[in-house]
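As a plain string of letters, each chain reads:
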There are 4 protein chains.
Amino acid sequence: MSLPARVPSNSADDELHPYTRILSPRENLLGGEPVGKFGVPHLRQFFEHIGRFPSPLLTATETHSLGRSFIPDDETVLVDIVTRWGEPSPSREYMRSGPREFLAFHPQTVRAAIVTCGGLCPGINTVVKEIYQSLRNIYGVKEVHGVQMGYRGFYTAELDTILLNDVYLKGIQHRGGSVLGTTRGGFDLGLIVDSIASRGFNQVYIIGGDGTHRGAYKIFEECIRRRLMVSVVGIPKTIDNDIAIIDHSFGFVTAVQEAQRAIRAAYVEATSGYNGIGLVRLMGRNSGYISMMATLAAGDVDVCLIPEIDFDLDGPHGLLVHIENLLRHKKYCVIVIAEGAGLQYTQNAQEEKKEVDASGNIKMQNVGLWLAERINSWFSLRGIEVNLKFLDPTYEIRSVPAVATDNIMCTLLAQSAVHGAMAGFTGFTCGTVNTHHVMIPMKEIISRGRNRVDLSSRMWHRVLAATMQPPLKNK
Amino acid sequence: MSLPARVPSNSADDELHPYTRILSPRENLLGGEPVGKFGVPHLRQFFEHIGRFPSPLLTATETHSLGRSFIPDDETVLVDIVTRWGEPSPSREYMRSGPREFLAFHPQTVRAAIVTCGGLCPGINTVVKEIYQSLRNIYGVKEVHGVQMGYRGFYTAELDTILLNDVYLKGIQHRGGSVLGTTRGGFDLGLIVDSIASRGFNQVYIIGGDGTHRGAYKIFEECIRRRLMVSVVGIPKTIDNDIAIIDHSFGFVTAVQEAQRAIRAAYVEATSGYNGIGLVRLMGRNSGYISMMATLAAGDVDVCLIPEIDFDLDGPHGLLVHIENLLRHKKYCVIVIAEGAGLQYTQNAQEEKKEVDASGNIKMQNVGLWLAERINSWFSLRGIEVNLKFLDPTYEIRSVPAVATDNIMCTLLAQSAVHGAMAGFTGFTCGTVNTHHVMIPMKEIISRGRNRVDLSSRMWHRVLAATMQPPLKNK
Amino acid sequence: MSLPARVPSNSADDELHPYTRILSPRENLLGGEPVGKFGVPHLRQFFEHIGRFPSPLLTATETHSLGRSFIPDDETVLVDIVTRWGEPSPSREYMRSGPREFLAFHPQTVRAAIVTCGGLCPGINTVVKEIYQSLRNIYGVKEVHGVQMGYRGFYTAELDTILLNDVYLKGIQHRGGSVLGTTRGGFDLGLIVDSIASRGFNQVYIIGGDGTHRGAYKIFEECIRRRLMVSVVGIPKTIDNDIAIIDHSFGFVTAVQEAQRAIRAAYVEATSGYNGIGLVRLMGRNSGYISMMATLAAGDVDVCLIPEIDFDLDGPHGLLVHIENLLRHKKYCVIVIAEGAGLQYTQNAQEEKKEVDASGNIKMQNVGLWLAERINSWFSLRGIEVNLKFLDPTYEIRSVPAVATDNIMCTLLAQSAVHGAMAGFTGFTCGTVNTHHVMIPMKEIISRGRNRVDLSSRMWHRVLAATMQPPLKNK
Amino acid sequence: MSLPARVPSNSADDELHPYTRILSPRENLLGGEPVGKFGVPHLRQFFEHIGRFPSPLLTATETHSLGRSFIPDDETVLVDIVTRWGEPSPSREYMRSGPREFLAFHPQTVRAAIVTCGGLCPGINTVVKEIYQSLRNIYGVKEVHGVQMGYRGFYTAELDTILLNDVYLKGIQHRGGSVLGTTRGGFDLGLIVDSIASRGFNQVYIIGGDGTHRGAYKIFEECIRRRLMVSVVGIPKTIDNDIAIIDHSFGFVTAVQEAQRAIRAAYVEATSGYNGIGLVRLMGRNSGYISMMATLAAGDVDVCLIPEIDFDLDGPHGLLVHIENLLRHKKYCVIVIAEGAGLQYTQNAQEEKKEVDASGNIKMQNVGLWLAERINSWFSLRGIEVNLKFLDPTYEIRSVPAVATDNIMCTLLAQSAVHGAMAGFTGFTCGTVNTHHVMIPMKEIISRGRNRVDLSSRMWHRVLAATMQPPLKNK
């Protein structure tokens, strides 16, 4: 949950706190003020005649107290804030987002488009609504268009864009899914930028994950190449929380919350049956964040398997023997497995196929079904009756409305996106770093690769402490 | 939601990120390594013969991968991380919490006590359970006692302490309330420390708010004075989120989530009735955090009134005229008011009484009932029919089980508390700063005063943008 | 939950069941087939030239299997079905509702109006939607109008009627409240029937409680008097479940479910505090059904006070002594009180005032606040510390979406209402009797008076067995 | 929801209601008062020296108002209450349950056992707790034993019975699952009755479904054969609601409620995707009740497939073409399928296998997976992109705590079971008929066969009206 920044207080506090580090001015690595400050591109880098309009917040009467809170362009947020006493240490920093005093777009000339891509994630509707509302209520923008069904909506005849209005968006922040519709794939750079040009969009808000962002960056580059003065902004959407740099992505908290229901069901089934085994598959193709956090939150899980760990199935220290030990001592066990865990086992079976989905991801065998089969056959061979129940709550998790925390995060991300675009920034992505909202160069997001659970982190060790699970490796 | 720390990565990343500030070593303000590093007292400052036992994590076989993750005492977390380009800036820092390689207590000799004080808050049971589990499962401590009904439980004959065990604590992380019981007041320093001494407790975990922490600090001092080698640890509990320094306190996310239910009801009542007004009173005696965040999350609130703002009721720019305008344009309105808002109005009526509750807080007139009455009589005088519904969900919010996010936070706070106490730290409080878990000198927590919403912060401005509410002041 | 009628099976079953009573044909009390069969008025009683159109169900192709399931007019449902062996016994009976083979209205000529009156109740939106959908999808009616804000919406200029359509009603069955708006009072017979005449409505669906039904019956009579061929149909709405004859009214199951949340909160507060007392006020001005059923469902309640019982507060067998006994033995207690309980105590304080609300109900002092004050002052006088928490979840209960069971009931009531009106019946109310849907003469509903808990019934005795509460009377 | 019986009122009411049928005394089909009244066996039929002890309710002081409400043995409830005017009609009737004035067991001599068999169903814990509480609180029985893990718990060494007490059962009515554990199979008549005899149980409460009841009846017979004076009582548990005679079984309402979550998820996924198809598999091997009622409650379902209907997949009027039509007109569709639907398709694939589970049920291919595959390949062949999401919420539904309505039903069933057993009845099953609680001869329950949806019933026609689905048959 992102709470209000505590602005560095300057007087009495200091006396209370003698342990104070002085942060020196940063070394100017590039020999001068960076072009496109802190790596966030700005339209003025690419176009000569760029507007400079005073923000309507300066003169707003009804909400005039907003007027004093502009964020200067050279305000940044530090990333690497765990340090050692007595040692210098480097820290990356990102540009703080928020309203700017001057805008690159006159609100009357803005034609904005919003598109949602990829799979469902709780909170999409809130992002859509708040982009619309921020544009309209804060800046007075008149035209905000919704692109239907992801990237293909830019150019598919039957999927016309929707001119958004209050009635259409009423109450959608309390509903799951995406009112605009969302699909994987459909990225066609030429057709999309043709559509942007012909429809006259000059702000494009793209909500999606890793693959979507790669597309968004190409759209940004192509707009520049074609001399289209368009702000292209990304809002990272990944229920798996596998986008680098940011604290976590929207919908993640909701997913962890909703996963509790399935873990609870697995626990009840396991404890009510004879040698009951509750097995829950959770989302996470490359990263085990949901499984890790859901395990910590539940407090009832005995084994947590994530893509980042390598575990043996057989052998004296393997998973199956560990399950047998749990059944002997506790009479039941609860297992959480991320969809991408145990890939070395599941991919063998289908190596040749290499089917891919519309986003280009390799289709996986369902690791939960695979593990269920392996457990059942192993105990069957040993003549031990077990009662295994397998639960896969994926679609129930993805489609719920966002919890309050996520709704707030979505609201704030959307506001950040709009403030940035109105000010003329482009090719950036919104996110929080150490609880503060920042603009991150889109290029950096996509070149970082996926975020993965650090097995030497405190958080993973807390999971091991909570589950008491052994290394599950034979040597 | 506290996510895993992203440890500063050192090689390839740097090339991606040219905007890097070098943090210089801190200036040694005290002329030498601080006694009780970073202000966190350690038993070795006060006692000569202090133990130094290797942590059982060093040799654990079952969970041996935990062994490599000790936190050194000079690792800190920076606080003031919003900075300006080209300027030096000071930042407070706090000691990072986590397991230490050497312990001041041999686990076999630990007799721990846990006490919960003050009002209910979602997550208390999770903290209690995880302190017990961390002591037992990670460190092998045998005796953990629960003190009943708050401070009074130390010395009240009928309230004997409970020797905690697995059966007693089973599943309590999914239940609201406090299994130990909790009350306000009852602080008697002499009797409490007598009890600690006579029962042989050497670790005391105290879960409570501002007032409770003031007591805890006195217990810490008195234990030192009496030469009792006791670690006294605080875990901050305040559903209002009004404790300074930390990101937010446990239970707060749950409270914001649960408040949505009442706001939703108010919205439904308001929109279903003729000139409907939904009025919700939320917790927050001194600070409007719950009201602020619940308003942002709901997206349906027209007016948010918190203790930090000063509003006029009457007059052309006052609240009542604003409500009338809302009714004219929207046909309904939804108002959220924190219990401590409008104090200038409610305290007049009862100035002489000055009743205080057991914690010493001044009893307030219910501002919700007061405002409901004022609204009704004002519209009645003007001959306008309105249908006002007043909701006060306080006890329903306080008593629910914690949401997943809060359960994780409670788990981590408890682990931090136990790691710190086992290492010999004392007189400290656990909390998160910029998402990282730290130990904060208890003295600093209590001398800071209550945390309040900063009216010039981005977060409050986001509320103003969401509600579109005017300043509500006549000049 | 109304389940499908098990049609009397006729062959093999009989052999299984030798205990079979032969129901003799009813005695013709009126000397011939009753006019307006079974008391349900039909338009043909009042108008000579009444249509007789074959139901579209007869010829529907898409859903043609519906065609075989018409209900004959002389099919009835028995009421008094608990009987004694060997004794004759009388049973009332009601006309079974359902589709008729012939209609009095040609669907193309129908102009229907729907109005919702009184307080909120879960399920209103489902009734509205399903009346619309049944008229449109089953019968092909084109015009269904929504009257806004209750009776006043018929004649208030600013509240024009809404022509209902699919988009307007989309998803409303999952939302609380009333999309049409609902208010108390506003009944003006002349203006309402003027409006019906001038707008050309010939079917009027009125959703409301006791008072609303009295108005509906007058509308029915006045339409007949003015020679307006209008079907007037009532759907009983009372969250208190105090309407006679029917099994229970819609929304009641949801209310009992939602009340669990408040009782749970009261229980958690009571068990977590020192001498904790959780006090919950539930709806029920005249009848204690919600309190009774919510108590049975919770299984955690110690005292249940309803309007139907007479209890002493003071004295050796009064409530206060009983609470003290509970605190002594259990250390806490949970009390549920219906809003109309203890009227003899609360009305004294305000006898002169006799304020009434817009529906003409006498405004009551809040019995929960009164009881809380009495308990607190009694224990204060006796020097016993208690911690009482008072919860009033009324508006949170009323405004939630209906649970599945209630949504089904609402769907079925709406279908029954439409089938009846299309067939030409009027002046009737829909409801279930012994799980079967019937049409009840509106006159009988309003002359019955309010339904109240029978203190000699098995259900109340089950509550006494569950709470173990004594009679609470001194002699 | 079972509401209090409205006792036939006798005076003023009659004047209001002229449509009254006189029920003649039943014809004595057996020539004299039936042995074991109304087919319910009584211990006195089989044993000469049977006790006759006054009920403690007669003399209870604390709850003395209970004393007046005994149910006489010849009070019955009519079943077939939908009748035609002017025609005689037969009606089965069942013996009303409730407390009797005289008991066959002296409470001090009762040793009761409770066993739960088969799969999970919401409410089991409430039944267990209330049997215990009714025996102890109402009758003063001292020994109530829990048999672990179903029938096998009677004779398996490692599964000793549990002597139930208040602490063990505290709060279990709010938890899913079975605290006693439950398994399928394990029925061994000889060993079970040996165990009953050797442990001295004289009341055995058996909670289970169709198969379990067949076993229970054998236990009843064997006890009589061995001259063991034991009351054997069944409480029907079937989440599918497929037990004949009774209105519905406990847990069914909860299952319908919980199924809404999955249908909602399917709807959100379907409406958010391109040509989205949401497919939900619900419980129901032989009967489609859950699917039918869940469809009615949701209001968002386009196709409901249950075991009772026969549908074509291919062909111009088959399911696949219907789905294509829906996608063309609505752009999405939502399908609910019961696990036993389409058996003609799924059983071909595995005809030879004929695997059975521990209860002897034939293992089925998962019809949901089968249908998903068929839909996907059909549209794939036709070159139409669809996005199908398949949800199987079975275990999440089974394991939740019961909703309020079901908790009440469980409480009442348990009370009925205890009243019946204490009075000396045996070989019977508890249930509600037309909302009234009755005792049904166990033999009749098991000889009836499974309850199935009547395709000519009003309820199924309501589903057809709600979904607008065609017959799905080619001719």
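Rules behind the numbers
Residues numbered from 1 in each chain as written. Chains lettered and ligands numbered in written order. Predicted model: local features only at pLDDT ≥ 70, side-chain atom pairs only at ≥ 80, totals over all residues. Heavy atoms only, no water. UniProt positions renumbered as here; feature names shortened; annotations may be inferred. Contact = heavy atoms within 4.5 Å. Buried area = accessible area lost by both parts, 1.4 Å probe. Salt bridge = Lys/Arg side-chain N within 4 Å of Asp/Glu carboxyl O. Polar contact = N/O pair within 3.5 Å; in protein donor to acceptor, adjacent residues only side chain to side chain. Helix = DSSP H or I, 4+ residues; strand = E, 2+ residues; numbered from the N terminus. Nonpolar A, V, L, I, M, F, W, Y, C, P; charged D, E, K, R; others polar. Axes fitted to C-alpha atoms, helices over the stretch in contact; angles between N-to-C directions. Parallel < 35°, antiparallel > 145°, perpendicular 65-115°, else oblique. pLDDT = per-residue confidence, 0-100.

The name an unreviewed UniProt entry assigns to chain A is Pyrophosphate-fructose-6-phosphate 1-phosphotransferase, from the organism Cyanidioschyzon merolae. Turning to chain A, the UniProt annotation filed under Cofactor (unreviewed entry) states: "Mg(2+)". In its Function (unreviewed entry) section, the UniProt entry covering chain A states "Catalyzes the phosphorylation of D-fructose 6-phosphate to fructose 1,6-bisphosphate by ATP, the first committing step of glycolysis."

Colleague: Looking at this structure, how should I read the interface of chain B and chain C?
Modeller: How large an interface is tends to be reported as the accessible area lost when its parts come together. Listed per partner, the contact involves 32 residues of chain B and 32 residues of chain C. Between chain B and chain C lies a buried interface of about 2600 Å² when both sides are counted; carbon and sulfur atoms form 51% of it. Summed over the three residues of chain B that lose the most area to chain C, namely B:Tyr274, B:Tyr395 and B:Glu396, the buried surface amounts to 25% of that side. At the boundary of chain B and chain C, one finds four salt bridges. Between C:Glu269 and B:Arg398 there is a salt bridge, with its nearest N and O atoms 2.9 Å apart. At the surface where chain B touches chain C, the tally comes to ten residue pairs in polar contact (both at pLDDT 80 or more). Among the elements of the structure, helix H7 (252-272), strand S15 (387-391) and helix H12 (394-398) of chain B are those that each provide at least two residues to the side of chain B that touches chain C. Residue contributions to the side of chain B that touches chain C peak at eight residues, all from H7(B). Grouping the amino acids of the side of chain B that touches chain C by side-chain chemistry returns eleven nonpolar, nine polar and twelve charged.

Colleague: Would you mind showing me how to read the packing of helix H15 (residues 458-467) of chain A against helix H13 (residues 404-422) of chain B here?
Modeller: For any two helices packed against each other, the geometry comes down to the angle between their axes and how far apart the axes lie. It is the contact of H15(A) with H13(B), at a shortest axis distance of 12 Å, that shows an interaxial angle of 90°. Relative to H13(B), the element H15(A) is oriented roughly perpendicular. Two secondary-structure elements touch here, H15(A) through A:Arg458, A:Met459, A:Arg462 and A:Ala465 and H13(B) through B:Leu412, B:Gln415 and B:His419. Of the residues that constitute the contact of H15(A) with H13(B), the class distribution is three nonpolar, two polar and two charged.

Colleague: Whenever I open this one, the confidence of the model for chain A confuses me. Can you help?
Modeller: The predicted structure's coordinates, where accompanied by low pLDDT, should not be read in detail. All names here are of chain A. Scored by pLDDT, chain A comes out at a mean of 88, with 86% of its residues at no less than 70. Here residues 1-16 is modelled with pLDDT under 50, and outside its nearest four sequence neighbours on either side it reaches 40 contacts, counting other chains as well. Considering only residues more than four positions removed or in separate chains, one finds that residues 25-35, a stretch of pLDDT under 50, has 25 contacts. Both confidence scores are given for the complex: pTM 0.92, ipTM 0.91.

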